[in-house]
Amino acid sequence: MNILPVVVLYNIDFRKTNAFLTLLSQQNDCRILLYENSPEPMNKSYASETVYYYHDAQNGGVSAAYNYGAELADRLGDVEALLLLDEDTRFEADYLSKLQSAMTQNPDVNLFVPQVLYAGEEPFSPIHRGLRLKRGALLGEGRYSLKQYLPVNSGACIRLSAFRQIGGYHPFIRLDFADFDFFSRLAVVSDTFYRVDSVARQSFSNEETQADRLFRRYQFYLEGASVASKNKLISSMVTVEVLRHVLALTCRTRSLRFITELIKRFK
């Protein structure tokens, strides 16, 4: 089973990422795509016969990275699936072997994901699609429906044939809500996903306390929300997530500028 890991980088050395330290450092002969959105090409020196490198100075985000990964996989000719990775997630060392085993045993399933936790043992992904106070779902190994749950991008492995079938990631959703949009469209043609017997842990780079930096990041967040809200499959989910997020930011900073920006964007 030939899987191409796609690592999205922004202003970080690849070998300092959690994806490398906990997973990819032990895969000596594994082909990897490094897709760098940094203003300058920090990781170009890692390019080799097995490490493919692409620098996107325009910062096309995760959607551009994963779509490029699919294009590269087509050129390589023998890749069957993409493993979507970011810089913040820590994996168990044997995740790739367990992933390959699950894919071999479930040839009719197109999407495979780990259980993702954060803040100790709190479930982060997959998430419930319905309205719940806590959105994270704690699932055992096995098959589940994408009409009940949606996973996040990091750690998800998608068969290339299914990726092509739904046209890849939305190019105008650069980061936030890219996964909601992609997996909701996948659910229309391939409802089942498999929760692999592996746990990943998510650390966040968004524990910023400076209001100005939070606001710039929030504007980027609303950009994705604006496009994703046009997807009728997830429009209500997007609305709930945006309201939850803006209230949290308002409480954290005691500033109304986040609510004001939301009204301006969606009026």
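These numbers were taken from a predicted model, which means no experiment stands behind them.

Undergrad: Outline the pairing of strand β1 (residues 3-9), listing residues and values.
TA: Burial runs high along β1: 7 of the 7 residues are buried. Burial of β1 is two-sided: the residues Ile3, Pro5, Val7 and Leu9 facing one way and the residues Leu4, Val6 and Val8 facing the other way are all buried. Here β1 pairs with strand β2 (residues 32-36) via 4 bridges, running parallel. By the bridge assignment, Val8 is partnered in β2 with Tyr35.

Undergrad: Tell me about the state of the cysteines, and please be specific about residues and values.
TA: Summed over the entire model, instances satisfying the criterion amount to 0 disulfides. With no disulfide of its own, Cys157 lies closest to Cys30 among cysteine sulfurs, the gap being 11 Å.

Undergrad: I'd like to hear about a nonpolar patch on the surface, residue by residue, with values.
TA: A grouping of Val188, Val189 and Leu233 is seen on the molecular surface, where their side chains present a nonpolar patch of about 260 Å² in accessible area. Along the chain, Val189 falls in helix α5 (residues 178-189). Judged by relative accessible area, Val189 falls into the partly exposed class, the value being 41%.

Undergrad: Can you lay out the packing of aromatic side chains for me, pointing to particular residues and giving the numbers?
TA: If you walk through the whole model with that rule in mind, you get 21 aromatic pairs. Centre to centre, the rings of Tyr144 and Tyr149 are 5.9 Å apart; their planes meet at 90°, and the pair counts as edge-to-face. On the basis of relative accessibility, which here comes to 22%, the residue Tyr144 falls in the partly exposed class. Judged by relative accessible area, which is 13%, Tyr149 ranks as buried.

Undergrad: Give me the lowdown on unusual backbone geometry, citing residues and values where you can.
TA: With an omega of 0°, the peptide bond between Ser125 and Pro126 qualifies as cis. Looking at the secondary structure, you find Pro126 in the loop between β7 (122-125) and β8 (127-128). Despite not being glycine, Phe177 has its phi angle at roughly 75°, a positive value. Of note, Phe177 is situated in the loop between α4 (160-165) and α5. Among the residues examined, Phe177 registers a relative accessible area of 6% and is labelled buried.

What counts as what
- Residues numbered from 1 in each chain as written.
- Predicted model: local features only at pLDDT ≥ 70, side-chain atom pairs only at ≥ 80, totals over all residues.
- Heavy atoms only, no water.
- Buried < 20%, exposed > 50% of the residue type's maximum accessible area, 1.4 Å probe, protein only.
- Helix = DSSP H or I, 4+ residues; strand = E, 2+ residues; numbered from the N terminus.
- Pairing = 2+ DSSP bridges.
- Disulfide = S-S within 2.5 Å.
- Patch = residues over 30% accessible without salt bridge, like charges linked within 9 Å, V, L, I, M, F, W, Y side chains within 5 Å.
- Areas by Shrake-Rupley, 256 points an atom, 1.4 Å probe, with all protein chains shown as cover.
- Salt bridge = Lys/Arg side-chain N within 4 Å of Asp/Glu carboxyl O.
- Phe/Tyr/Trp six-rings, centres within 6.5 Å; stacked < 30°, edge-to-face > 60°.

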